[in-house]
Amino acid sequence: MDTKVLYRMVEEVRQQCRFAQARYQLLRARLHEPDHEKVFLEVHAFLAHAVMVSRMLWPARVSSASRGEALRTALRTPADSPVRMGGSREQIDQFDEAYEDWLLRLPESGYVDMNLMPTGTMLGSREDVFQRSLDPDTLMFHLRGAPMDLRRLHDALRAVEDATQQWLRTHHPW
């Protein structure tokens with residue numbers, strides 16, 4: 001990969017990590033407010049930036065695979081990093097299709113859009129009854145049943161951002 005392009009890509013990964021971290025901090029602050037919708041607004045904003053980083057490091061487009069590999073190598077990002085987001089990335093990245101598929105799989109047409117309670121509070125409820133569910137104590141988020149540990153993802157994004165800072169300090173393409 002061209003050195004200047006790689007440099008710019010690393011800069012963008014750094015910026016998206018910073019955006020994600022800012023949204024995570026806002027999410028934490030929103031947990032103390034009575035408006036649950038604002039909490040989920042921050043969850044989705046955080047995850048949108050996390051997906052951008054994930055796509056930069058693990059691109060969906062086959063022709064961009066070498067770019068992803070170059071970035072992961074430069075930033076020493078392990079293959080099992082939480083930033084990869086596994087199957088949960090698809091829930092956000094392809095939101096409309098994932099939502100449609102989930103609706104078609106629901107045994108009943110009713111569901112709870114937003115649940116902001118500790119996991120044990122809703123014992124006995126099927127997990128698929130919630131579109132969005134966040135445990136405010138653990139920051140474990142479920143989007144249509146797909147689990148996402150927001151705290152772990154945040155920590156991994158911070159590690160990637162630290163790696164970008166270090167890489168940018170030691171590489172100058174111009």
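Residues numbered from 1 in each chain as written. Predicted model: local features only at pLDDT ≥ 70, side-chain atom pairs only at ≥ 80, totals over all residues. Heavy atoms only, no water.

**Student:** Tell me what's going on with the side chain of S81, and back it up with residues and numbers.
**Tutor:** With respect to the helices and strands, S81 occurs in the loop between α3 (65-74) and α4 (88-93). In this structure S81 touches W58 and A156, once residues within four positions along its chain are discounted. (Helix = DSSP H or I, 4+ residues; strand = E, 2+ residues; numbered from the N terminus. Contact = heavy atoms within 4.5 Å.)

**Student:** How would you summarise α3 if you had to cite specific residues and measurements?
**Tutor:** Among the residues making up α3, those that are buried are R67, G68, L71, R72 and A74. Angular distribution of buried residues about the axis of α3 spans 165°; they occupy a single face of the element. Turned more than 90 degrees from where α3 packs its buried face, S66 and T73 sit exposed. Packing partners of the buried residues in α3 comprise α1 (3-30), α2 (36-57) and α6 (150-170). Immediately beyond the C-terminal end of α3, within one or two residues, lies R76, with a positive phi of roughly 50°. (Buried < 20%, exposed > 50% of the residue type's maximum accessible area, 1.4 Å probe, protein only. Arc of directions from axis to C-beta.)

**Student:** Outline the layout of surface pockets, listing residues and values.
**Tutor:** Take a probe with the size of a water molecule and roll it over the atoms, and the empty space left behind shows itself. Taken as a whole, the second largest pocket holds about 170 Å³ of empty space. Looking at the second largest pocket, it is lined by 13 residues, and the ones nearest its centre are P82, M85, S88, M148 and D149. Counting residues per element, the ones that place at least two in the lining of the second largest pocket are β4 (146-149) and α6. At 3 residues, the largest contribution of residues to the lining of the second largest pocket is made by β4. Each residue belonging to the lining of the second largest pocket can be placed in one class, and the counts come to 5 nonpolar, 4 polar and 4 charged. (1 Å grid on protein atoms, 1.4 Å probe; cavity = no way out; pocket = protein on both sides within 12 Å on 5 of 7 lines; lining within 4 Å. Points joined across faces, edges and corners; volume = space filled by probe spheres on them. Nonpolar A, V, L, I, M, F, W, Y, C, P; charged D, E, K, R; others polar.)

**Student:** For the nonpolar core, give the residues involved together with the corresponding values.
**Tutor:** The biggest cluster of nonpolar side chains holds 39 residues, and the ones touching the most others in it are L47, V83, L134, F141, L150 and L157. Listing elements by their share of this core, those giving two or more residues are α1, α2, α3, β3 (140-143) and α6. Considering each element in turn, this core owes the most residues, 10 residues, to α2. Apart from residues no more than four positions distant in its own chain, V83 is found in contact with V53, S54, L57, W58, L153, A156, L157 and V160. (Core = buried A, V, L, I, M, F, W, Y, C linked by side-chain atoms within 4.5 Å.)

**Student:** Requested: an account of the pattern of salt bridges, with residues and values cited.
**Tutor:** Under the criterion given, the structure shown has 8 salt bridges. Measuring nitrogen to oxygen at the nearest pair gives 2.6 Å for the salt bridge that ties R8 to E11. Separated by 3 residues within a single helix, R8 and E11 lie in helix α1, roughly one turn from each other. A relative accessible area of 49% means that R8 is categorised as partly exposed. Salt-bridge contacts for D113 lead to R132; the nearest nitrogen and oxygen are separated by 2.4 Å. You can see D113 sitting in strand β1 (residues 112-116) and its partner R132 sitting in strand β2 (residues 130-135), a full 19 residues away along the chain. A relative accessible area of 30% places D113 in the partly exposed class. On the basis of relative accessible area, R132 is assigned to the buried category, the value being 13%. By sharing partners, the salt bridges in this structure join R23, R30, E33 and E42 into a single network. (Salt bridge = Lys/Arg side-chain N within 4 Å of Asp/Glu carboxyl O.)

**Student:** Which residues make up the pairing of β2, and what are the values?
**Tutor:** Looking down a regular strand, the side chains alternate between one sheet face and the other. In terms of burial, β2 is largely enclosed, as 6 of its 6 residues are buried. Two elements, β1 and β2, share 4 bridges in a ladder whose sense is parallel. Across the sheet, residue N115 finds its bridge partner in β2, namely S133. By the bridge criterion, 4 bridges tie β2 to β3 in an arrangement that is antiparallel. Within β3, the position partnered with S133 by the bridge is H142. Hairpin connection between β2 and β3: a loop of 4 residues separates the two successive antiparallel strands, and L139 in this loop has a positive phi of roughly 60°. (Pairing = 2+ DSSP bridges.)

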